[in-house]
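Structural characterization, general
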Amino acid sequence: MEPNNPRSHNYRGLVEFCGKNEPQALRYFEKASALDASFPDAWYNAGCIHWIAYQFTHDPAELERAFQSFSKAVAAEPGFAEARAKRGLAWLAKGDGAKAEVDLLAATREDRDNPDVLMGRCQLAVAAKRPDSAQELCTAALRADPKLVEAHKILGDVARDRNLVATAVDQYRAAFAEKADYAEARVALIEMLFHEKRY
């Protein structure tokens, strides 16, 4: 590894991330950013680690770290659709739907078929209580990436709210078939079956 090459550190971080060693991956991404503050990939990758941590812990500090990292990625490369989409989700988590929509619309202009962009818009539709739009966007996201567990979960929620029990069950099961430890889908399925007295 070249010690003063930010791309080398970023690559090493990706290797560690794929090996599920997030703390070491984060150190490599931070080193890459320190070597080149205008290197968007390193900021984006660090943001993804903080975003994952926020989703598991709901720690506001992790949300803020993710938001700052995605913002630096966007500042370094304004056309970085994935970074804009993730920052849009961070805005949504911070409670600012208007700023989330600005970022997600900008991301859509850059890459309308990107699964991250589609999922961001889907989650915005859920927050705005637009189930038809959420269903359409999640379906499109799954066409782009069939392993998106969040899309299955949202489609399950939409079907559940429409009392389409069999469809909801199929979507929740598809979510945790892809990710066995996806607790939100499993809990939603159990709650729905309990409510329907199908346990």
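Presented here is a report on the structure given in the accompanying data block. (Residues numbered from 1 in each chain as written. Predicted model: local features only at pLDDT ≥ 70, side-chain atom pairs only at ≥ 80, totals over all residues. Heavy atoms only, no water.)

**Quick notes on the nonpolar core**
One broad trend across soluble globular proteins is that nonpolar side chains are buried collectively. One finds Tyr 44, Trp 51, Phe 70, Ala 73 and Ala 83 to be the most contacted residues of the largest nonpolar core, which totals 23 residues. The set of elements that each furnish at least two residues to this core consists of α3 (40–57), α4 (60–76), α5 (81–93), α6 (97–110) and α7 (115–127). Not counting chain neighbours up to four residues away, the residues in contact with Phe 70 comprise Tyr 44, Gly 47, Cys 48, Trp 51, Ala 83, Lys 86 and Arg 87. Of all hydrophobic cores here, the second largest spans 15 residues; its members include Met 119, Cys 122, Leu 148 and Leu 155. (Core = buried A, V, L, I, M, F, W, Y, C linked by side-chain atoms within 4.5 Å. Buried < 20%, exposed > 50% of the residue type's maximum accessible area, 1.4 Å probe, protein only. Helix = DSSP H or I, 4+ residues; strand = E, 2+ residues; numbered from the N terminus. Contact = heavy atoms within 4.5 Å.)

**Considerations on the environment of Glu 82**
Structurally, Glu 82 is set in helix α5. Residue class for Glu 82 comes out partly exposed when judged on its relative accessible area of 23%. For the pair Glu 82 and Arg 65, spaced 17 residues apart in the sequence, the C-alpha separation amounts to 17 Å. Setting aside residues no more than four positions away along its own chain, Glu 82 makes contact with Tyr 44, Asn 114 and Asp 116. Of the polar contacts made by the side chain of Glu 82, one reaches the side chain of Asn 114; its length is 2.9 Å. (Polar contact = N/O pair within 3.5 Å; in protein donor to acceptor, adjacent residues only side chain to side chain.)

**Some points on the pattern of salt bridges**
Between side chains of opposite charge, a pair can form as their charged atoms come close. Tallying each qualifying case throughout the model produces 11 salt bridges. The salt bridge partner of Glu 64 is Lys 94, with a shortest N-O separation of 2.7 Å. Here Glu 64 is found in helix α4, whereas its partner Lys 94 is found in the loop between α5 and α6, with 30 residues between them in sequence. Between Asp 132 and Arg 162 there is a salt bridge; the shortest N-O distance is 2.2 Å. Of the two residues, Asp 132 is situated in helix α8 (residues 131–144) and Arg 162 in the loop between α9 (149–161) and α10 (165–178); the sequence distance between them amounts to 30 residues. We classify Asp 132 as exposed; its relative accessible area is 53%. Where salt bridges share partners, they join Lys 153, Asp 157, Arg 160 and Asp 161 into one cluster. (Salt bridge = Lys/Arg side-chain N within 4 Å of Asp/Glu carboxyl O.)

**Considerations on the packing of aromatic side chains**
What the rule picks out here adds up to 4 aromatic pairs. With a centroid separation of 5.8 Å and 45° between ring planes, the pair formed by Tyr 44 and Phe 70 is classed as tilted. Of the two residues, Tyr 44 sits in helix α3 while Phe 70 sits in helix α4, which places them 26 residues apart along the sequence. Residue Phe 70 is classed as buried on the basis of its relative accessible area, which comes to 0%. Taking 5.0 Å as the distance between ring centres and 40° as the angle between the ring planes, the aromatic pair formed by Tyr 44 and Phe 80 counts as tilted. Here the residue Tyr 44 occupies a position in helix α3, and Phe 80 occupies one in the loop between α4 and α5, the gap between them amounting to 36 residues. (Phe/Tyr/Trp six-rings, centres within 6.5 Å; stacked < 30°, edge-to-face > 60°.)

**Considerations on the packing of α7 against α8**
Contact geometry for α7 and α8: axes closest at 8 Å, N-to-C directions at 160°. By the angle between their axes, α7 is roughly antiparallel relative to α8. Note that α7 runs across α8; the crossing there is left-handed. Along its contact with α7, which presents Pro 115, Leu 118, Met 119, Arg 121, Cys 122, Ala 125 and Val 126, the element α8 presents Ser 133, Ala 134, Leu 137, Cys 138, Ala 140, Ala 141 and Ala 144. Class assignment of the residues belonging to the contact of α7 with α8 gives a composition of 12 nonpolar, 1 polar and 1 charged. (Axes fitted to C-alpha atoms, helices over the stretch in contact; angles between N-to-C directions. Parallel < 35°, antiparallel > 145°, perpendicular 65-115°, else oblique. Left-handed = near helix turned anticlockwise from the far one by under 90°. Nonpolar A, V, L, I, M, F, W, Y, C, P; charged D, E, K, R; others polar.)

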